[in-house]
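Breakdown of the fold
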Amino acid sequence: MADIDEFLAARDFLMRHRDDYAAAYESFRWPALTRFNWALDYFDRIDGGESRTALWIVDDSGAESRLSFADLSRRSNQVANYLRRLGVRRGERILLMLGNVVPLWETMLAAMKLGAVVIPSTTLLGPTDLADRIARGRVGTVIAPAAETGKFGELAAGLRRISVGAPVSGWHDYEAALGEPARFTPDGPTAASDPMLLYFTSGTTAKAKLVLHSHASYPVGHLSTMYWLGLGREDIHLNISSPGWAKHAWSCFFAPWNAGATVFVYAASRFNAKETLSAIARHGVTTLCAPPTVWRLFVQEDLGAYPLLLRAAASAGEPLNPEIIETIRAAWNLEIRDGYGQTETTAQIGNPPGQKVKPGSMGRPLPGYRMALLDAEDRDSAEGEVALDLRAA
């Protein structure tokens, strides 16, 4: 069986058993891949790509960008050809510092096709953090909004620099990519173990540590996240998360597109609960994932005023208090399902669809993960630290 067929078989198995946790958990096995490039082997070949919406961005002015899977395939090919023409090669590290704009998704796909490694970075970073990422990440190329290029100053000296938006002196213009050929030919096969993403964790107590992901660990690994979210091909999925953090790649990129769903983004300059709820209702969003801070703001609004098409809701980041879960259930007849994972992993534990939710519980181990609770002596315990059970690997 070809690697792409193994991936699709694993994906389809989880989708068939979306409401049967016992069968999914007991029988799912991660596909064993040797050569795999998710962007080339899967995304570019999604059925009905010309007619199906892949990415739908709406901003708070009402402006929309709506692209099909085929649109993004062609545009990411152009970006890949442009990056190659500028000298980007397989293995080079690209610091990608963009907000929720179309070039973010185009560049992620393009880098995968090239075999380059993306370092996702929030636009909130200042010069000190940027210097750290450039040095420790061994960055060769920077892609940033024109308005943020001033943060780099001399930091970008000697780097390949690409600005998105207005032209910037000394920086290549991202818009020039649209003049490149719409067909892309890779320079060779991609090993599933090749590096693809490099994350810097939050660094709240010390310097941010580096987390490296491969062409298998996130694209394939997020089959577990797809399962937890309960996504299907016809869904319009909104994940409220900022670019630069791993959760954005989880649920604004890999998990929904693994299911063939539409990624919906409400790109407001500042978060506003009322306007976000209105956008969810107006654009027919069917599945929603948001952090507890957002759910706490939502329940302060008149939830009954929004005629939603939502069929599934999830929360991640920290346990959600039972009162909020009950408020949402009463207003929308929806159960908010918690989930848990780390930058180093995909969704490990969660409340998948069709399972009874115990308030305050993060749920059960998700398909593909075996978990254990260990005490201070690393012994199995009824209470303790959550750990991956490698004994079952």
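For the structure given in this document, a descriptive report is provided here. Quantities reported herein were computed from a predicted structural model and do not represent experimental measurements.

Our focus in this paragraph is the overall build of the protein. Helix and strand content of the protein: eleven helices and 18 strands. The C-alpha atoms of the protein give 21 Å as radius of gyration, which agrees with the globular expectation for 393 residues (21 Å, within 12%). In terms of overall dimensions, the protein has C-alpha extents of about 55 × 50 × 45 Å along its principal axes. Put simply, 66% of the contacts in the protein that link residues at least 6 apart link residues at least 24 apart. Summed over its atoms, the accessible surface of the protein is roughly 16900 Å², and 50% of this surface lies on carbon and sulfur atoms. The positive charge centre, built from 40 side chains, and the negative charge centre, built from 44, are 3 Å apart in the protein.

Tallied over the full model, the rule gives 20 aromatic pairs. Centre to centre, the rings of Phe43 and Phe69 are 5.4 Å apart; their planes meet at 55°, and the pair counts as tilted. Of this pair, Phe43 sits in the loop between helix H3 (38-42) and strand S1 (53-59) while Phe69 sits in helix H4 (residues 69-86), placing them 26 residues apart in sequence. For the pair formed by Phe43 and Phe69, the shared burial category is buried. Aromatic ring contacts, followed pair by pair, group Phe7, Phe36, Trp38, Tyr42, Phe43, Phe69, Tyr199, Tyr218, Phe253, Phe254 and Trp257 into a single cluster. Here the guanidinium or amino end of Arg66 rests over the ring plane of Trp56, the centre of that ring lying 3.8 Å away. Positioned above the aromatic ring of Tyr25, the side-chain terminus of Arg370 is 4.2 Å from the ring centre.

So, on to the pairing of strand S3 (residues 93-96). Burial along S3 is two-sided: the residues Arg93 and Leu95 and Ile94 and Leu96 are all buried. Pairing of S3 with strand S4 (residues 117-120), which is carried by four bridges, proceeds in the parallel orientation. From the neighbouring strand, Leu95 faces S4, where its bridge partner is Ile119. As for the winding sense of the linkage, the β-α-β connection from S3 through helix H5 (residues 102-114) to S4 is right-handed. Taken together, the three bridges between S3 and strand S5 (residues 141-145) define a ladder with parallel strand orientation.

It is worth spelling out the side chain of Ser315 at this point. Along the chain, Ser315 turns up in strand S13 (residues 312-316). Here Ala290 takes part through its backbone oxygen, which lies 3.4 Å from a polar atom of the side chain of Ser315. Residues within four places of Ser315 in sequence aside, it is in contact with Trp228, Cys289, Ala290, Pro291, Pro292, Trp295, Leu320, Ile336, Arg337, Asp338 and Gly339.

The subject of this paragraph is the sheet that holds strand S10 (residues 236-239). What the nine strands build is an open sheet, ordered S2-S1-S11-S10-S12-S13-S14-S15-S16; its pairing is mixed. At either end of the open sheet lies a strand with only one pairing partner, and these are strand S2 (64-68) and strand S16 (364-365). Note: S1 against S2, five bridges, orientation antiparallel. Within S2, the residue paired with Val58 across the bridge is Glu64.

This paragraph deals with the packing of H4 against H5. Closest axis-to-axis distance for the H4/H5 pair is 8 Å, and the angle between their directions is 65°. When you trace H4 past H5, the crossing you get is right-handed. Counting all contacts with H4, which are made through Leu72, Ser73, Arg75, Ser76, Asn77, Val79, Ala80, Leu83 and Arg84, the residues of H5 involved are Val102, Glu106, Thr107, Leu109, Ala110, Lys113 and Leu114. Classifying every residue of the contact of H4 with H5 gives eight nonpolar, four polar and four charged.

Further remarks concern the pattern of salt bridges. Within this structure, the stated rule accounts for 19 salt bridges. The closest approach of N and O atoms between Glu180 and Arg85, which form a salt bridge, is 2.6 Å. Of this pair, Glu180 sits in the loop between strand S7 (172-173) and strand S8 (195-200) while Arg85 sits in helix H4, and the two are 95 residues apart along the sequence. The partner of Arg379 in a salt bridge is Asp375, and the shortest N-O contact between them spans 3.1 Å. Residue Arg379 is classed as exposed on the basis of its relative accessible area of 52%. Connected via shared salt-bridge partners are Glu50, Asp71 and Arg74.

It is worth spelling out the environment of Ile236 at this point. Within the secondary structure layout, Ile236 lies in strand S10. Judged by its relative accessible area of 16%, Ile236 is buried. Sequence separation between Ile236 and Leu310 is 74 residues; the distance between their C-alpha atoms is 9.2 Å. Not counting residues up to four positions away in its chain, the partners in contact with Ile236 are Trp56, Thr262, Phe264, His283, Gly284, Val285, Thr286 and Thr287.

What follows concerns the nonpolar core. Grouped together as the largest cluster of nonpolar side chains are 78 residues, with contacts concentrated most on Trp38, Trp105 and Trp257. The contacts of Trp257, once residues within four sequence positions are left out, are Trp38, Tyr42, Phe43, Ile46, Ala54, Leu55, Phe69, Leu72, Trp105, Leu109 and Val263. Phe264, Ala273, Val285 and Leu303 belong to the second largest nonpolar core, which has 30 residues in total.

So, on to helix H11 (residues 322-332). Looking at H11, one finds that the buried residues are Ile324, Ile325, Ile328 and Trp332. With its buried residues spanning 100° around the axis, H11 presents them on a single face. Along H11, exposed side chains directed more than 90 degrees from the buried face belong to Glu323 and Ala330. The inward-facing, buried residues of H11 contact helix H9 (273-282), helix H10 (292-298) and strand S14 (336-341).

Here is what the cut-offs are and how they apply
Residues numbered from 1 in each chain as written. Predicted model: local features only at pLDDT ≥ 70, side-chain atom pairs only at ≥ 80, totals over all residues. Heavy atoms only, no water. Helix = DSSP H or I, 4+ residues; strand = E, 2+ residues; numbered from the N terminus. Rg over C-alpha atoms; globule rule 2.2 N^0.38 Å. Contact = heavy atoms within 4.5 Å. Areas by Shrake-Rupley, 256 points an atom, 1.4 Å probe, with all protein chains shown as cover. Lys, Arg positive; Asp, Glu negative; His and termini not counted. Charge placed at Lys NZ, Arg CZ, Asp CG, Glu CD. Phe/Tyr/Trp six-rings, centres within 6.5 Å; stacked < 30°, edge-to-face > 60°. Buried < 20%, exposed > 50% of the residue type's maximum accessible area, 1.4 Å probe, protein only. Lys NZ or Arg CZ within 6 Å of the ring centre and 35° of its normal. Pairing = 2+ DSSP bridges. Right-handed = clockwise from strand over helix to strand, strands pointing away. Polar contact = N/O pair within 3.5 Å; in protein donor to acceptor, adjacent residues only side chain to side chain. Axes fitted to C-alpha atoms, helices over the stretch in contact; angles between N-to-C directions. Left-handed = near helix turned anticlockwise from the far one by under 90°. Nonpolar A, V, L, I, M, F, W, Y, C, P; charged D, E, K, R; others polar. Salt bridge = Lys/Arg side-chain N within 4 Å of Asp/Glu carboxyl O. Core = buried A, V, L, I, M, F, W, Y, C linked by side-chain atoms within 4.5 Å. Arc of directions from axis to C-beta.

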